[in-house]
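So you can see what is in the structure, the chains are spelled out below.
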Amino acid sequence: MPWETPRKTYSVDLGTYNTLLVCAKTGDVLLNEPSVVAVKSTAYTGEKKVCAVGTAAKRMVGRTPVGMDVKRPLQHGVIADFQVTEEMLKYFLQQVMPTQFPARWFRPEVVICVPYGATQVERRAIKESAIGAGAGNVYLVDEPMAAAIGANLPVESASGSMVVDIGGGTSEIAIISLNGIVYAQSVRIGGDKFDEMIISYVRKKFACLIGEITAEKIKRTIGTAFPVDDIKELQVSGRSMTECVPCSFVINSTHVLEALQEPLAGIIDAIRAALEQAPPELSADIEERGLMLTGGGALLRDIDRLIAEETGLPVMLADDPLTCVARGGAKIIDMLHEYGTDILTTE
């Protein structure tokens, strides 16, 4: 047949903020969409229907009419709404699957990266959701391991590597050696928590209500994790709490830094806890090599400088930290043939 052989294996970073799909064969990022779904309920039966997924659904946040709801089916990296997650995964897989092959002929092999702290029930829910969405064989791998491999750390060597993956719902801190996790901790602090703290700070400081999209814009545009001389400002619009009318105000980098003190302190405490649990020999390796930052939260301005200041260790930012976990999952398929399945998590 003249048909081109389909790409059979995908790596999926099923994140609270974004879902990424990477082709395991080529390492290309095939899809990068927000993990957001717009759901409409019928007035009479109450039946729910998916109206939009990904970028299209994110544009609807805070703008939906009665009867329509925009959901994030994943909270803190795990499934909060099984049915909506399955529909979202099905939509994403259909975007990258070869159109000339009917779905019943083509059930791709999928590696899904999950938080280290996910329970067995949560892991099973993720796996069943992927199978329901049209996947064939589904493998699960811990996010810290995938992040370390995606950042090209020497995980197979008998020396310690430390990775800090700051995602949308969780931050994963791990020490890795000989293709295994020596110590890992998952804390429920990430980009979502940053946004929540900015919303809370604006409400108290400026007596103004803002939404998630505006908080994310503030974080991306002028957010910082370390005091800087170059203070940036941004004009923001919201709703006045006193007069209940639209209002605008100017927020700067110093304000955002104040707002983020609590979640940043939580990440630092988790890193220190990991360093306390590291075996002495691996501690020496980490002191020499430092730690690697991955994940979308690593893009917060000067967060590497803050961690270096607080821990005294060299801190490196991975190339394209946002896609590290997904790219690491793609590499794991090739490693399976060499190392077996020990690198994968259990169900």
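Just so it is clear, the model here is predicted, and its values are computed rather than measured.

Conventions and cut-offs
Residues numbered from 1 in each chain as written. Predicted model: local features only at pLDDT ≥ 70, side-chain atom pairs only at ≥ 80, totals over all residues. Heavy atoms only, no water. pLDDT = per-residue confidence, 0-100. Contact = heavy atoms within 4.5 Å. Disulfide = S-S within 2.5 Å. Buried < 20%, exposed > 50% of the residue type's maximum accessible area, 1.4 Å probe, protein only. Salt bridge = Lys/Arg side-chain N within 4 Å of Asp/Glu carboxyl O. Helix = DSSP H or I, 4+ residues; strand = E, 2+ residues; numbered from the N terminus. 1 Å grid on protein atoms, 1.4 Å probe; cavity = no way out; pocket = protein on both sides within 12 Å on 5 of 7 lines; lining within 4 Å. Points joined across faces, edges and corners; volume = space filled by probe spheres on them. UniProt positions renumbered as here; feature names shortened; annotations may be inferred. Pairing = 2+ DSSP bridges. Axes fitted to C-alpha atoms, helices over the stretch in contact; angles between N-to-C directions. Phe/Tyr/Trp six-rings, centres within 6.5 Å; stacked < 30°, edge-to-face > 60°. Lys NZ or Arg CZ within 6 Å of the ring centre and 35° of its normal.

(A) View of the confidence of the model for the chain. Confidence in the prediction of the chain, expressed as mean pLDDT, is 87, and 90% of residues score 70 or more. Predicted confidence is poor over residues 1-7, with pLDDT under 50, and the contacts of this stretch with residues over four places away or in other chains come to 13 contacts.

(B) Molecular detail of the state of the cysteines. Counted by the stated rule, this structure contains 0 disulfides. Cys-208 takes part in no disulfide bond, and the closest cysteine sulfur to it belongs to Cys-247, at a distance of 3.1 Å. Residue classification places Cys-208 among the buried positions, given a relative accessible area of 0%. The cysteine Cys-324 is free of any disulfide, with Cys-113 supplying the nearest cysteine sulfur at 11 Å.

(C) Spatial organisation of the pattern of salt bridges. This structure, assessed with the given rule, holds 9 salt bridges. The shortest N-O distance in the salt bridge between Glu-87 and Lys-90 comes to 4.0 Å. Pair noted here: Glu-87 and Lys-90 are both in helix H2 (residues 82-96), with a separation of 3 residues, about one helical turn. The class for Glu-87 is partly exposed, based on a relative accessible area of 33%. One continuous salt-bridge network, built from bridges that share partners, spans Lys-58, Glu-216 and Arg-220.

(D) Representation of the layout of surface pockets within the structure. Here the largest pocket is characterised by a volume of approximately 580 Å³. Along the walls of the largest pocket sit 35 residues, with Ile-166, Gly-295, Gly-296, Gly-297 and Leu-322 positioned nearest its centre. With 4 residues, the top contributor of residues to the lining of the largest pocket is helix H6 (residues 212-222). Put simply, the second largest pocket is a space of about 370 Å³.

(E) Focus on the UniProt feature "binding site: ATP" (unreviewed entry) in the chain. In the numbering used here, UniProt assigns the "binding site: ATP" (unreviewed entry) feature to Gly-168, Gly-169, Thr-170, Glu-216, Lys-217, Ile-218, Lys-219, Gly-296, Gly-297, Ala-298 and Leu-299. In the annotated group above, the largest pocket draws its lining from Gly-168, Gly-169, Thr-170, Lys-219, Gly-296, Gly-297 and Leu-299. Here Gly-297 is to be found in the loop between strand S17 (291-294) and helix H10 (303-311). Beyond its immediate chain neighbours, meaning those up to four positions away, Gly-297 contacts Ile-166 and Ile-303. One can find Leu-299 in the loop between S17 and H10.

(F) Spatial organisation of the sheet that holds strand S3 (residues 29-34). On the basis of which strands lie adjacent, the open sheet formed by 5 strands has the order S3-S2-S1-S9-S10 and mixed pairing. Strands at the two margins of the open sheet, each flanked by one partner only, are S3 and strand S10 (138-142). In this sheet, neighbouring strand axes are inclined to one another by 20° on average, regardless of whether the strands run parallel or antiparallel. Seen against the sheet, H2 touches strand S1 (9-14), strand S2 (18-23) and S3 and runs at an angle of roughly 145° to S3. Across the sheet, helix H4 (residues 143-150) is in contact with S1, strand S9 (109-114) and S10; its angle to S10 comes to roughly 80°.

(G) Inspection of the pairing of S1 at higher detail. In terms of residue burial, S1 counts as a mostly covered element, since 6 of its 6 residues are buried. Burial along S1 is two-sided: Thr-9, Ser-11 and Asp-13 and Tyr-10, Val-12 and Leu-14, pointing in opposite directions, are all buried. Here S1 runs beside S9; their pairing, made up of 5 bridges, is parallel. When the sheet's bridge partners are listed, Tyr-10 is paired in S9 with Val-110. Bridge analysis of S1 against S2 gives 5 bridges, and the strand direction is antiparallel. Pairing of Ser-11 across the sheet is with Val-22, part of S2. Once S1 ends, the chain turns through 3 residues before running back antiparallel as S2.

(H) Fine view of the packing of aromatic side chains. One pass over the structure, following the stated rule, counts 2 aromatic pairs. Geometrically, the ring pair formed by Phe-206 and Phe-249 is stacked, given 4.5 Å between the ring centres and 20° between the ring planes. One end of the pair, Phe-206, is in helix H5 (residues 191-206); the other, Phe-249, is in strand S16 (residues 246-252), with 43 residues separating them in the sequence. Overall, the relative accessible area of 10% leaves Phe-249 in the buried class. Of note, Arg-72 hangs over the ring of Tyr-17, and the distance from its end group to the ring centre comes to 4.6 Å.

(I) Layout of the sheet that holds strand S13 (residues 180-187). Strand order across the open sheet formed by 5 strands is S13-S12-S11-S17-S18, with mixed pairing between neighbours. Edge strands, defined here as strands with exactly one partner in the open sheet, are S13 and strand S18 (315-317). The average undirected angle you get between the axes of adjacent strands in this sheet is 20°. Both strand S11 (residues 161-166) and S17 contribute to a ladder of 4 bridges, which runs parallel. If you follow Val-164 over to S17, its bridge partner there is Leu-293. Packed onto the sheet, H4 meets S11, strand S12 (171-177), S13 and S17 and runs at close to 70° relative to S12. Strands S11, S12, S13 and S17 of the sheet are contacted by helix H8 (residues 261-277), whose axis makes an angle of about 155° with S13.

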